[in-house]
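If you want the building blocks of each chain, they are given just below.
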Amino acid sequence: MTAEVVAPSDRLRQAVSAEAVGLPVGRLIAGAALLASGAGVVVVLVVAVALGGTGASSPSSSLDGAPPRQLISALALREIPAEYLSLYEAAAAKYGLDWAILAGIGKVECDHGRDPDPSCSRTGQVNSAGAGGPMQFLASTWERYGVDAEGGGGAGGGGGTPDRWNPADAIYGAANYLRASGAPGDYRRAIYVYNKAWWYVDEVERWASRYSEPPVSVAAGSLGEAGGASAGAGGRVGVGGGGAGAGNGAGTEGAGVGAGGEGLEGADTRLASETDTPVRFIEGTRAELDPGDGHVALIPAGAPPVVQAMLVAGDELQELFYGPGGHPDPLGASEEDCSSTVNYVLYRAGVRPLKEIVDENPVAQDYVHWGGRGPGRWVTIYATDAPTPHVFVTIAGLRLDTSHDGTDEGPNRSEDGPRWRILSYIPTWAHWSVRHPPGL
């Protein structure tokens, strides 16, 4: 390559601010990372004594301090199924919580019961972590905090037995768990107990804010202003990041390409202010290459913000050479190898702290056992230590890889270094360990 190389740090160093509490420095999405997909999220059991919480309580009467009924945004009225909206409000009133926080968890976990993952709605089905139901409880956590919302059985679990796949029981159980974990006094801590990831906390709070602000009444005539349902996570396609990782450079005509994301529900328009690379959005949940520039991924507005941030981070690496210069610190390097490419993307999206990356200096072999087992819904990491160590990542259907000899049919097939690669299947030259970032 003859083009002048501009290292990511040279473009972005000015955007890196002091570390916020619990959040890594330099993340692309300030306070709105997550995501995470619900079916892959683990609800962590925390000893109630340490939290000052208790086990399950009856939903027959309201707890002291229940907040007054809060106004609901036009987005919430349009996007949340009526049954779920009523349950969020009722459970919140019972446990003295903000209904929008419950709705935010319900959105991130299983898109209010609409996620196609069987663990979200099919009784007895769990994800790879063992979580099941629309609020994604582990059996051990459910045993302690599960609630039979209807008391007398029937839809509430039958015979008074809480059922984590029943929407009412699951939502009341989530409210009970949040209350036991410190809400409403400390929502961030309580959400963090629900799933120990700060980007998850940010994502839940982002949705909660959108569901409750600005308050709009039904009579205001705003229900149809945005036109149709939110793109959101409801349009997920199977395991978006864990499929063939093929992507393609075509099919973007009429797809709603927007440079700034204006008018596309779910587009994180703040990303453009955090980078010098082009940020272009499209509708849907799968990324595509810009037909006019193979170094630019078109970002699906229906993907979670953290996934959108990962795609922008991948774009930031497209001009770099291949080499070991990104170890141990991937920032400021004029070259990246396979593992430092993955390190950089995870760091810039807020999934792994920079200090952790610098201290541990992960290489390809380290990703063989990192994260959750199996493909992710949005992001999948493929790693091997034989016949030669290598790692790459697929993000919303696009493969980011430094290897291209015989494994790239796209516009970057003759280029070394981290690039978006196009192939109709996952390269077969190695036996891959298939992993994913927790919750993605």
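We now turn to the structure provided with this report. (Residues numbered from 1 in each chain as written. Predicted model: local features only at pLDDT ≥ 70, side-chain atom pairs only at ≥ 80, totals over all residues. Heavy atoms only, no water.)

### A closer look at the overall build of the chain
Argument step 1. From N to C terminus, the chain includes 13 helices and eleven strands.
Argument step 2. For the chain, the residues scored as buried account for 56% of the 440 residues in total.
Argument step 3. Considering only intrachain contacts with a sequence separation of at least 6, the fraction spanning at least 24 residues in the chain is 68%.
Argument step 4. For the chain, the accessible area works out to roughly 16600 Å², and carbon and sulfur atoms hold 52% of it. (Helix = DSSP H or I, 4+ residues; strand = E, 2+ residues; numbered from the N terminus. Buried < 20%, exposed > 50% of the residue type's maximum accessible area, 1.4 Å probe, protein only. Contact = heavy atoms within 4.5 Å. Areas by Shrake-Rupley, 256 points an atom, 1.4 Å probe, with all protein chains shown as cover.)

### A short note on the sheet that holds strand S6 (residues 372-373)
Argument step 1. Here six strands make up an open sheet; going across it, the order is S6-S11-S7-S8-S9-S10 and the pairing antiparallel. Because the sheet does not close on itself, it has two edges, and the strands there are S6 and strand S10 (419-421).
Argument step 2. The pairing of strand S7 (residues 379-384) with strand S11 (residues 433-436) spans three bridges and is antiparallel. Of the residues in S11, the one forming a bridge with tyrosine 382 is valine 434. (Pairing = 2+ DSSP bridges.)

### Some details on the sheet that holds strand S3 (residues 293-300)
Argument step 1. Taken together, the three strands give an open sheet; going across it, the order is S1-S3-S2, and neighbouring strands pair in mixed fashion. Each edge of the open sheet carries a strand with a single partner, namely strand S1 (280-282) and strand S2 (288-290). Taking the axes of each pair of neighbouring strands and ignoring which way they run, one obtains an average angle of 50° across the sheet.
Argument step 2. Here S1 pairs with S3 via three bridges, running parallel. When the bridges of S3 are listed, isoleucine 282 appears paired with proline 300.
Argument step 3. Across the sheet, helix H11 (residues 305-316) touches S1 and S3, and the angle it forms with S3 is around 170°. (Axes fitted to C-alpha atoms, helices over the stretch in contact; angles between N-to-C directions.)

### A closer look at helix H10 (residues 198-212)
Argument step 1. Helix length check: H10 (15 residues) gives 21 Å between terminal C-alpha atoms against 21 Å at 1.5 Å per residue, within 8%.
Argument step 2. Residues Trp199, Tyr200, Val201, Asp202, Glu203, Val204, Arg206, Trp207, Ala208, Arg210, Tyr211 and Ser212 constitute the buried set of H10.
Argument step 3. Against the buried residues of H10 lie helix H3 (74-79), helix H5 (99-110), helix H9 (187-194) and H11. (Expected span 1.5 Å × (residues − 1).)

### Here's the deal with the packing of aromatic side chains
The relative placement of two aromatic rings is captured by the distance of their centres and the angle of their planes.
Argument step 1. A complete count under the given rule lists 14 aromatic pairs for this structure.
Argument step 2. On the numbers, 6.5 Å between centres and 20° between planes, the contact of tryptophan 99 with tyrosine 211 is stacked. One end of the pair, tryptophan 99, is in helix H5; the other, tyrosine 211, is in helix H10, with 112 residues separating them in the sequence.
Argument step 3. On the basis of relative accessibility, which here comes to 0%, the residue tyrosine 211 falls in the buried class.
Argument step 4. Here the aromatic rings of phenylalanine 392 and tryptophan 432 are separated by 5.0 Å at their centres, their planes lie at 80°, and the arrangement is edge-to-face. Residue phenylalanine 392 is found in strand S8 (residues 390-395), and its partner tryptophan 432 is found in the loop between S10 and S11; the two are separated by 40 residues along the sequence. Like tryptophan 432, phenylalanine 392 is buried.
Argument step 5. Members of the aromatic cluster, each reached through a chain of ring pairs, are Phe137, Trp142, Tyr145, Tyr177 and Tyr194. (Phe/Tyr/Trp six-rings, centres within 6.5 Å; stacked < 30°, edge-to-face > 60°.)

### Looking at the environment of tryptophan 99
Argument step 1. Owing to a relative accessible area of 2%, tryptophan 99 belongs among the buried residues under this scheme.
Argument step 2. Spatially, the C-alpha atoms of tryptophan 99 and serine 212 are 8.9 Å apart, while their sequence positions differ by 113 residues.

### Brief notes about the pattern of salt bridges
Argument step 1. Applying the stated rule across the entire model yields 20 salt bridges.
Argument step 2. A salt bridge links arginine 114 to aspartate 111; the nearest nitrogen and oxygen atoms lie 3.1 Å apart.
Argument step 3. A relative accessible area of 38% means that arginine 114 is categorised as partly exposed.
Argument step 4. Linking aspartate 401 and arginine 399 is a salt bridge whose minimum nitrogen-to-oxygen distance equals 3.0 Å.
Argument step 5. Owing to a relative accessible area of 2%, aspartate 401 belongs among the buried residues under this scheme.
Argument step 6. One connected set of salt bridges, linked through shared partners, spans Glu79, Lys107, Asp111 and Arg114. (Salt bridge = Lys/Arg side-chain N within 4 Å of Asp/Glu carboxyl O.)

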